[in-house]
Amino acid sequence: MRKKIIYLDQFFLSHAFREGQEDFVNAASRIKSIAHKQLVVCPWSTIHEFETHLWRHASQADLWKFIKQSARGHQYSNSHHIKSMQIQRAFESFVNNEDAQLIDSHDSFHRDIHKWDDYFGIDVGRFLEDAERIRRRKEQAIASLVDLFDEWAASKNTFEQDVIEESNGYARSLIQLYAQSVQAFMQGSVLEYLNAPADSDLVRVLMHRDNDTLNHEERLKRLGLFLYSESFRRIPFIDISCRLFAVLRKRVREGQFTNREKAKGKLSGLFCDVDAISIYGPYSDAIFIDRAMHQWLVQEEAQIIENYLFSIFSAENWGEFHSYLDEIERNCPEGVSMMMPIVYPGSG
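Quantities reported herein were computed from a predicted structural model and do not represent experimental measurements.

Parameters and conventions
- Residues numbered from 1 in each chain as written.
- Predicted model: local features only at pLDDT ≥ 70, side-chain atom pairs only at ≥ 80, totals over all residues.
- Heavy atoms only, no water.
- Phe/Tyr/Trp six-rings, centres within 6.5 Å; stacked < 30°, edge-to-face > 60°.
- Helix = DSSP H or I, 4+ residues; strand = E, 2+ residues; numbered from the N terminus.
- Buried < 20%, exposed > 50% of the residue type's maximum accessible area, 1.4 Å probe, protein only.
- Core = buried A, V, L, I, M, F, W, Y, C linked by side-chain atoms within 4.5 Å.
- Contact = heavy atoms within 4.5 Å.
- Patch = residues over 30% accessible without salt bridge, like charges linked within 9 Å, V, L, I, M, F, W, Y side chains within 5 Å.
- Areas by Shrake-Rupley, 256 points an atom, 1.4 Å probe, with all protein chains shown as cover.
- Salt bridge = Lys/Arg side-chain N within 4 Å of Asp/Glu carboxyl O.
- 1 Å grid on protein atoms, 1.4 Å probe; cavity = no way out; pocket = protein on both sides within 12 Å on 5 of 7 lines; lining within 4 Å.
- Points joined across faces, edges and corners; volume = space filled by probe spheres on them.
- Nonpolar A, V, L, I, M, F, W, Y, C, P; charged D, E, K, R; others polar.
- Axes fitted to C-alpha atoms, helices over the stretch in contact; angles between N-to-C directions.
- Parallel < 35°, antiparallel > 145°, perpendicular 65-115°, else oblique.
- Pairing = 2+ DSSP bridges.

Draft legend 1. View of the packing of aromatic side chains. Per the stated rule, a full pass over the model turns up 26 aromatic pairs. Their ring planes at 75° and their centres at 6.2 Å tell us that F24 and F288 sit as a pair that is edge-to-face. Taken as a pair, F24 in helix α2 (residues 22-36) and F288 in strand β3 (residues 286-288) lie far apart in primary sequence, 264 residues in all. Taken as a pair, F24 and F288 share a single burial class, namely buried. In this structure an aromatic cluster arises from ring pairing among F11, F12, F24, F288, F313, W318, F321 and Y324.

What follows is the structure, given as structure tokens:
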């Protein structure tokens, strides 16, 4: 038995939870029914948890409960784990000068997601950072992004040049984070070292490879060559995210987002949206996102739908989404239908 894996973004789940728009309520009801038949699974992710944590509403706890119940106990792996595994595989292929499959479904789930769902689940709470502090950092990040718009508007880059610039920018940030964590360690600031951003660990792991045969300078030089290579740019989560930000650059050059204050509001959820799509999209059969991000993904120059296999849905194409669900139900294995009343007595 193989279920279809559908990533439902926070936009979909929030609308389904609030029951304010019939389209979302009906779609959620259909998905629930099909999931009960063991045909689809819609796991929750750390990004869902993060966004719910930032939601200023009395129903925050109820929304989180709704999201986890909708996922029927299934969870994507931590986003940092997936990023780390993709980078390590790409680095190995770079060092060995060979091609490698960077997507492995075992990275995205810690247990077999295609087994029959259990009746019961145990919800274990986790420590989450102060929401106000996160909101301030998020606002600062969006403001810093919008500050780049004048420079982008004047740029003569091609789309692919923008993709490379985005990738190189991420490479520089990884090196800076790693350097800061090493400096903290050398200065005896153990707490600062241990509390360094998670992305600094992405580089630390690569630097440890061959530390018994190569000196520090040799490993650092090799790391630099990798981070600015095509091997690094082809890593799925980096490739998708950089292409989405290249779409944003293109739209800025075309005259969109000229009102900077309004742009901050419109793009407030951008980083979470890009992370969700770039990290979890390649491990899913389909994703449901908001209209704006859907339009970015199908941008011809982005070449995301050509390079990746997940189907893309939003309120832009409700009909196609329901046709997709129809096809899943039509292809229900006979054995699964026969087992339903046995595994779930009273289900019919």
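Draft legend 2. Structural detail: the nonpolar core. In terms of nonpolar packing, the biggest core is built from 63 residues, with F149 and L248 touching the most fellow members. Residues in contact with F149, not counting those within four places in the same chain, are L248, V252, F257, R260, A263 and L267. Residues A27, A71, W318 and F321 belong to the second largest nonpolar core, which totals 30 residues.

Draft legend 3. A nonpolar patch on the surface, seen in detail. A contiguous nonpolar patch, built from V182, F185 and M186 and spanning about 320 Å² of accessible area, is present on the exposed surface. Inspection of the secondary structure puts F185 in helix α9 (residues 159-186).

Draft legend 4. Representation of empty space enclosed by the protein within the structure. According to the stated counting rule, one finds two cavities of 30 Å³ or more in the structure shown. Reported here for the largest cavity is a volume of approximately 40 Å³. What lines the largest cavity is L8, L13, C42, P43, W44, H48, I67, S70 and A71. Among the residues making up the lining of the largest cavity, the classes are represented as seven nonpolar, two polar and no charged. Estimates place the volume of the second largest cavity at around 30 Å³. Surrounding the second largest cavity, D9, D273, A276, I277, I289, D290 and M293 form its lining. When the residues that make up the lining of the second largest cavity are grouped by side-chain class, the tally is four nonpolar, no polar and three charged.

Draft legend 5. Inspection of helix α1 (residues 10-18) at higher detail. The complete set of buried residues in α1 reads Q10, F12, L13, S14, H15 and A16. Here the buried face of α1 lies against β1 (4-8), α2, α3 (46-53), α4 (60-70), β3 and α19 (318-330).

Draft legend 6. Broad picture of the packing of α1 against α2. Running from N to C, α1 and α2 cross one another at 100°; their axes reach a closest spacing of 8 Å. Here α1 lies roughly perpendicular to α2, going by the angle between them. In this structure, α1 uses F11, F12, H15 and A16 to contact α2, whose residues at the interface are F24, V25, A27, A28 and I31. Of the residues contributing to the contact of α1 with α2, the split by class is eight nonpolar, one polar and no charged.

Draft legend 7. The arrangement of the pairing of β1 in detail. Along β1, four of the five residues are buried, which leaves the element largely enclosed by surrounding structure. Strand direction decides the pairing type here: β1 and strand β2 (residues 40-41), joined by two bridges, are parallel. Within the sheet, the bridge partner assigned to I5 lies in β2 and is V41. Across three bridges, β1 lies against β3 in parallel orientation. Residue Y7 lies in a different strand from β3, and its bridge partner there is I287.

Draft legend 8. Here's a closer look at the layout of surface pockets. Considered as a void within the structure, the largest pocket measures approximately 2,200 Å³ in volume. For the largest pocket, the lining is made up of 50 residues, of which K83, A141, D199, F271 and D275 are closest to its centre. For the lining of the largest pocket, the secondary-structure elements that each account for two or more residues are α3, α5 (79-96), α7 (131-146), α8 (149-154), α9, α14 (236-253) and α16 (270-280). Tallying contributions element by element places α9 first for the lining of the largest pocket, with ten residues. Residues of the lining of the largest pocket, tallied by class, amount to 22 nonpolar, 15 polar and 13 charged.

Everything listed here is a matter of geometry and, on its own, says nothing about what the molecule does.
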